[in-house]
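Single-letter residue listing:
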Amino acid sequence: MSSNTGLSLSPMRAAWQRLMRQRMNAWALWFLVVLVLLCGAGPELSPYDQSQQDLELKATNPSTAHWLGTDPLGRDMLTRILHGGRVSLEVGLLATAVASIIGVLYGMTAGLAGGRMDAAMMRIVDILYAFPFINFVILLMAIVGREFWLIFVAIGAVEWLTMARVVRGQVLALKNLEFIIAARACGAGFWHIVWKHLLPNVMGPVIIYASLTVPGVMLLEAALSFLGLGIQPPDASWGVLIQEGAKAVESYPWLLIYPGIFFSTTLLALNLLGDGLRDAFDPKSMSQQ
Amino acid sequence: MIRFIVSRIVQGIIVIFAVICITFGLSKMVPGGAVRNERFITEEARKAQDEYYGLNKPWIVQLGLQLKHYATLDLPESYHYKGRGVDEIIASGFPVSATVGGAALLIALAIGVPLGAYAALRPNTLEDRTSTVAATLGICTPSMVLGPLIALLFGLKLRWFNASGWFDASDWVLPALTLGIIYSAYIARLTRGSLRETLAQEFIRTARAKGASESSVVFLHAMKLASLPVLNFLGPAAAGLLTGSFIVETVFQLPGLGQFFISAATNGDHQLTIAISVFYAALIVSFNLLVDILQAALNPRIRLQA
């Protein structure tokens with residue numbers, strides 16, 4: 001630990017400094033900011049629509065008109081990749097939000113209840129870990145149609161288990177600390193303590209774990225779309241684009257490679273940032289490295 | 001120990017009971033059944049089919065029948081593959097998935113453990129960084145991107161193997177390679193992290209102090225403890241690998257369990273859907289139990305508790 005993290009820094013600022021001192025983390029963060037801006041604004045700025053076909057043109061190599069070329073239906077690849085990125089990121093964030101909300105509610109309830117209730121709730125989580133969740137998700141997608149909201153609700157509903165464990169552990173550690181007892185002694189109500197004291201202290205681990213959940217969720221969405229069970233063409237996510245590219249890989253390998261590069265780089269950045277956040281907020285794990 | 005195993009088996013039975021109920025409930029949300037895909041069929045024939053499969057009974061009785069099937073191990077017939085028991089279909093798909101998954105697991109261990117150990121023994125050198133970057137890249141390469149590229153290179157360009165299908169004795173190689181490379185990245189990362197942590201512990205210093213050679217310190221003392229997180233990861237991973245990754249079976253068009261499951265789920269073949277889910281759950285439960293027992297065997301500080 002170097003000396004520039006003085007006592008005057010707030011914990012947040014100190015963690016931020018630790019995060020940004022690693023050059024890779026800063027790059028990952030900048031990459032994600034640029035990607036979000038591009039995927040947010042890119043499809044609108046592009047002169048093409050993501051589903052606009054040009055059957056005369058068919059598949060072409062990159063050119064000044066189409067920076068990443070076109071697919072066999074003459075659709076502009078860059079526009080489709082940015083649009084697909086928007087869908088994939090949306091699913092990733094929304095599903096993680098669903099998982100975090102379920103996990104925080106469940107974990108806090110178990111941690112606060114304690115005793116038998118806690119033991120029973122955690123035993124249920126143990127049992128759920130042995131479930132073949134991927135089967136349930138596939139079944140659900142095959143049955144109820146492939147609606148956008150269903151995708152992230154279904155993914156979120158299976159990804160909350162570890163979050164619940166993290167939150168419960170945190171609540172157990174916090175609830176007997178002096179500042180909580182002091183608040184209670186001052187006559188603070190149950191909900192006041194939960195809302196003002198417990199929740200803010202749980203948020204750090206929740207954010208860290210959530211940032212590590214996003215890439216996993218995006219992979220799951222891509223897998224479902226790849227199997228034809230997620231986002232449906234002509235709408236595009238990165239999973240859909242990769243599936244279309246995989247089908248045409250012999251004739252037009254770049255249709256697979258371009259979306260693949262975008263997807264892998266995003267996963268890399270998210271993983272780096274997640275690890276970086278964990279190290280920054282938990283200096284103990286840093287010292288082990 | 002025996003109490004532990006018994007309690008885990010009870011837990012496993014609860015899991016399988018719940019999996020039957022959930023997949024049954026999900027399946028009943030669609031109009032599926034024995035004759036859904038046959039268009040020209042008389043009302044009587046439909047009734048006879050429903051009667052045959054017990055579909056005319058109230059749903060709670062149907063659920064009871066399902067539970068009885070699995071309790072007595074007298075498994076039902078598939079709706080889609082007429083006259084074939086679901087166990088027969090699993091028996092035809094599982095060897096394909098298990099061959100690919102087992103080979104992938106061996107490839108992953110053969111690449112991952114040495115790579116991770118090599119990096120851990122040379123902390124913060126160029127070799128360490130390179131192998132860490134390679135492992136991170138591996139983790140971030142989805143199988144649906146790597147698979148088609150491997151099929152393109154070794155199947156279509158070099159023509160060493162078939163790009164897809166399950167015809168020749170060597171058809172397991174490309175799908176196993178795809179999965180093996182990706183899993184080896186996880187294993188390398190875990191091995192590096194846990195070996196470095198272990199090497200910093202005091203019993204390692206003791207071993208060195210009593211004059212143990214470097215290789216015996218690393219391979220006998222440290223690796224034993226350092227393999228625990230890897231084992232922990234391998235439990236669920238092995239179950240997933242052996243039952244077939246849905247993605248690689250799709251990419252390489254293998255007639256494995258994953259393919260059977262997807263087509264059963266989309267065809268409304270409830271019997272097969274439930275059976276394959278139960279099979280997966282049973283494998284996950286067994287692998288988790290196996291991992292826990294192995295962990296206790298490797299680390300005397302872990303006590304198995306019911």
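Computed from a predicted model, the values in this text were never measured in an experiment.

About the thresholds
- Residues numbered from 1 in each chain as written.
- Chains lettered and ligands numbered in written order.
- Predicted model: local features only at pLDDT ≥ 70, side-chain atom pairs only at ≥ 80, totals over all residues.
- Helix = DSSP H or I, 4+ residues; strand = E, 2+ residues; numbered from the N terminus.
- Buried ≥ 20, exposed ≤ 12 C-beta atoms within 10 Å, placed from the backbone.
- Contact = placed C-beta atoms within 7 Å.
- pLDDT = per-residue confidence, 0-100.
- Axes fitted to C-alpha atoms, helices over the stretch in contact; angles between N-to-C directions.
- Parallel < 35°, antiparallel > 145°, perpendicular 65-115°, else oblique.
- Left-handed = near helix turned anticlockwise from the far one by under 90°.
- Nonpolar A, V, L, I, M, F, W, Y, C, P; charged D, E, K, R; others polar.
- Core = buried A, V, L, I, M, F, W, Y, C linked by C-beta atoms within 7 Å.
- Expected span 1.5 Å × (residues − 1).
- Arc of directions from axis to C-beta.

(A) Molecular detail of the overall build of chain A. Each helix and strand counted, chain A has 12 helices and 0 strands in total. Listed N to C, the secondary structure of chain A is α-α-α-α-α-α-α-α-α-α-α-α in terms of helices and strands. Over its C-alpha atoms, taken along the principal directions, chain A stretches across nearly 75 × 50 × 35 Å. Buried residues in chain A amount to 42% of all 289 residues. For chain A, long-range pairs separated by at least 24 residues make up 66% of all intrachain contacts whose partners lie at least 6 apart in sequence.

(B) View of the overall build of chain B. Secondary structure summary: chain B contains 12 helices and 0 strands in total. Judged by the C-alpha coordinates and their principal axes, chain B covers about 85 × 55 × 30 Å. Evaluated residue by residue, chain B yields a buried proportion of 40% over its 306 residues. Sequence-distant contacts in chain B: of pairs separated by 6 or more residues, those separated by 24 or more amount to 73%.

(C) Expanded view of the confidence of the model for chain A. All names here are of chain A. Predicted confidence across chain A gives a mean pLDDT of 82, with 91% of residues reaching 70 or more. Ranking the elements of chain A by mean pLDDT puts helix 12 (residues 283-287) last with 46 and helix 3 (residues 77-113) first with 91. In the predicted structure, residues 285-289 sits below a pLDDT of 50 and forms 4 contacts with residues beyond four places in sequence or in another chain.

(D) The packing of helix 2 (residues 23-45) of chain A against helix 11 (residues 254-281) of chain A, seen in detail. All names here are of chain A. Running from amino to carboxyl end, helix 2 crosses helix 11 at an angle of 130°, the nearest separation of the two axes being 9 Å. What the angle tells us is that helix 2 and helix 11 run oblique. As for the relative orientation of helix 2 and helix 11, their crossing is left-handed in sense. Here M24, N25, A28, L29, F31, L32 and L35 of helix 2 lie close against helix 11, whose contacting residues are T265, T266, A269, L272, L273 and G276. Here the contact of helix 2 with helix 11 is built from residues that sort into 9 nonpolar, 4 polar and no charged.

(E) Broad picture of the environment of T213 of chain A. All names here are of chain A. With respect to the helices, strands and loops of the structure, T213 is situated in helix 9 (residues 190-226). Counting along the chain gives 171 residues from T213 to G42, while the straight-line C-alpha distance between them is 26 Å. What T213 contacts, discounting residues up to four positions off in sequence, is T96, A99 and E159.

(F) Focus on the environment of H69 of chain B. All names here are of chain B. Residue position: H69 is located in helix 3 (residues 59-71). According to the C-beta neighbour criterion, H69 is partly exposed, with 18 such atoms within 10 Å. Along the sequence, H69 and I262 sit 193 residues apart, while their C-alpha atoms lie 22 Å from each other. Not counting residues up to four positions away in its chain, the partners in contact with H69 are D74, L75 and P76.

(G) Representation of the interface of chain B and chain A within the structure. With 36 residues of chain B at the contact, the number on the chain A side is 30 residues. Breaking the side of chain B that touches chain A down by element, the ones donating at least two residues are helix 1 (2-28), helix 5 (126-139), helix 6 (143-157), helix 10 (246-251), helix 11 (257-267) and helix 12 (270-298) of chain B. Looking at the side of chain B that touches chain A, its residues break down into 26 nonpolar, 9 polar and 1 charged.

(H) Region of interest: the confidence of the model for chain B. On average, residues of chain B score 82 in pLDDT, and 90% of them reach the 70 mark or higher. As a predicted assembly, this complex carries a pTM of 0.84 together with an ipTM value of 0.82.

(I) Looking closely at the packing of helix 4 (residues 86-121) of chain B against helix 11 of chain B. All names here are of chain B. Taken N-terminus to C-terminus, the directions of helix 4 and helix 11 make an angle of 135°; their axes are 7 Å apart at the nearest point. Judged by the inter-axis angle, helix 4 sits oblique to helix 11. Only L257, G258 and F260 of helix 11 make contact with helix 4, whose side of the interface consists of I89, I90, G93, F94 and S97. Per-class residue counts for the contact of helix 4 with helix 11 are 5 nonpolar, 3 polar and no charged.

(J) Focus on the environment of Y81 of chain B. Residues and elements named next belong to chain B. Relative to the helices and strands, Y81 is located in the loop between helix 3 and helix 4. A residue is classified by how many C-beta atoms lie within 10 Å of it, and Y81, with 17 of them, is partly exposed. Expressed as a C-alpha distance, the spacing of Y81 and I276, which sit 195 residues apart in the sequence, is 14 Å.

(K) Looking closely at the nonpolar core. Counting 149 residues, the largest nonpolar core has I138, A223 and I242 of chain A together with I276 and A281 of chain B as the members making the most contacts within it. Top element by residues in this core is helix 4 of chain B. It accounts for 15 residues. Other than its neighbours up to four places away in sequence, A281 of chain B contacts A130, F131 and P132 of chain A together with V15, I16 and V19 of chain B.

(L) How the structure looks around helix 3 of chain A. Taking 1.5 Å per residue as the helical rise, helix 3 of chain A with its 37 residues ought to reach 54 Å, and the 53 Å between its terminal C-alpha atoms agrees with that figure. Among the residues trailing helix 3 of chain A, G114 of chain A stands out with phi positive, at a value near 65°.

(M) Region of the structure containing unusual backbone geometry. Residue and element names in this part refer to chain B. The phi dihedral of N124 falls on the positive side, at around 60°, and the residue is not glycine. Relative to the assigned elements, N124 resides in the loop between helix 4 and helix 5. Of note in this structure, R159 is not a glycine but carries a positive phi near 60°. Along the chain, R159 falls in the loop between helix 6 and helix 7 (173-199).

(N) Highlighting helix 5 of chain B. Residue and element names in this part refer to chain B. Here helix 5 contains 14 residues, and its C-alpha end-to-end distance of 20 Å stays within 8% of the 20 Å for a straight helix at 1.5 Å per residue. Among the residues of helix 5, S131, A135, G138 and I139 are the ones counted as buried. Seen from one end, helix 5 has its buried residues packed into an arc of 100°, which puts them on one side. Every exposed residue of helix 5 that faces more than 90 degrees away from the buried side is listed here: L126, T130 and V133.

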